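Observations on the model geometry
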Amino acid sequence: MKLLVTGAAGFIGSHFVDLTLQAHPEDQVIGLDKLTYAGSLDNLAQHRQDGRFRFVRGDICDRALLASLLENTQVDCIVNFAAESHVDRSLDSPDLFLQTNVQGVCALLDMVNRFRVPRFHQVSTDEVYGQLPLDPSTPPFREDSPLRPSNPYAASKAAADLLALSYFRCFATPVTITRSANNYGPRQV
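Summary of the structure given here.

The rules we used
- Residues numbered from 1 in each chain as written.
- Predicted model: local features only at pLDDT ≥ 70, side-chain atom pairs only at ≥ 80, totals over all residues.
- Heavy atoms only, no water.
- Phe/Tyr/Trp six-rings, centres within 6.5 Å; stacked < 30°, edge-to-face > 60°.
- Helix = DSSP H or I, 4+ residues; strand = E, 2+ residues; numbered from the N terminus.
- Buried < 20%, exposed > 50% of the residue type's maximum accessible area, 1.4 Å probe, protein only.
- Pairing = 2+ DSSP bridges.
- Right-handed = clockwise from strand over helix to strand, strands pointing away.
- Polar contact = N/O pair within 3.5 Å; in protein donor to acceptor, adjacent residues only side chain to side chain.
- Axes fitted to C-alpha atoms, helices over the stretch in contact; angles between N-to-C directions.
- Parallel < 35°, antiparallel > 145°, perpendicular 65-115°, else oblique.
- Left-handed = near helix turned anticlockwise from the far one by under 90°.
- Contact = heavy atoms within 4.5 Å.

**A closer look at the packing of aromatic side chains**
What the rule picks out here adds up to four aromatic pairs. Each ring, one from phenylalanine 16 and one from phenylalanine 81, has its centre 5.2 Å from the other, and the planes form 50 degrees; the classification is tilted. Highlighted residues: phenylalanine 16 in helix α1 (residues 11–23) and phenylalanine 81 in the loop between β4 (77–80) and α3 (87–92), separated in sequence by 65 residues. Residue phenylalanine 16 is classed as partly exposed on the basis of its relative accessible area, which comes to 25%. On the basis of relative accessibility, which here comes to 16%, the residue phenylalanine 81 falls in the buried class.

**As for the pairing of strand β6 (residues 175–180)**
Taken together, the six bridges between strand β5 (residues 120–125) and β6 define a ladder with parallel strand orientation. Pairing of histidine 121 across the sheet is with threonine 176, part of β6. Handedness of the β-α-β unit built from β5, helix α5 (residues 152–171) and β6 comes out right-handed.

**A short note on the environment of arginine 52**
As for its position among the elements, arginine 52 is in the loop between β2 (28–33) and β3 (53–57). Each C-alpha atom of the pair arginine 52 and aspartate 27 lies 6.9 Å from the other, and the pair is 25 residues apart in sequence. At a separation of 3.5 Å, a polar atom in the side chain of arginine 52 contacts the main-chain carbonyl oxygen of histidine 24. Reaching out from arginine 52, the side chain makes a polar contact with the side chain of aspartate 50 at a distance of 2.8 Å.

**Here we look at the packing of helix α4 (residues 94–114) against α5**
Relative to each other, α4 and α5 sit at 20 degrees, their axes nearing to 9 Å. Considered as vectors, α4 and α5 are oriented roughly parallel to each other. The handedness of the crossing between α4 and α5 is right-handed. Here Pro94, Phe97, Leu98, Asn101, Val102, Val105, Cys106, Leu109, Asp110 and Asn113 of α4 lie close against α5, whose contacting residues are Pro152, Tyr153, Ser156, Lys157, Ala159, Ala160, Leu163, Ala164, Tyr167 and Phe171.

**Examining the environment of alanine 154**
If you trace the backbone, alanine 154 turns up in helix α5. Along the backbone, alanine 154 and threonine 173 are 19 residues apart, and their C-alpha atoms lie at a distance of 23 Å. Once you skip the residues sitting within four places of it in the chain, alanine 154 turns out to touch Glu127, Val128 and Pro149.

Have a look at this one:
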């Protein structure tokens, strides 16, 4: 497979690149990252000499860049880790979160349709469900739990998820979404 991994130099995205290249020696990865506060080329240093990996510095909102990448390479899947993150940062600059987390996802979805990419995977967060009650007898969140974001970060991720689902319903865009919880470990900013 040929994957376009956005947010590839970030904490979670770089681990995904590691795992993909290790577990699937036949795969090729294009890593796209804006290299903001959350991304570092050091996270991808072990892949610099790997001919299966190519890094591109850029923004997922840059439609011309996305088009140039997809015109020249038949990508089998776009995996979107790119996001403004951290709740506290979203309280200071909600507009940045809407730009990357919603407009950027819209740009990616449009490119998936334009270039007929077989799959788009949106990496989301469990924060779209709001706060989990402290009562241990309360059932945990489920895939069909209502979305109740409680901050601009979570709202922007919920909006991106709903946008992706709308593309699935309206255009048959091949979309999947994961909503993980409490990721932590090496390379975390």
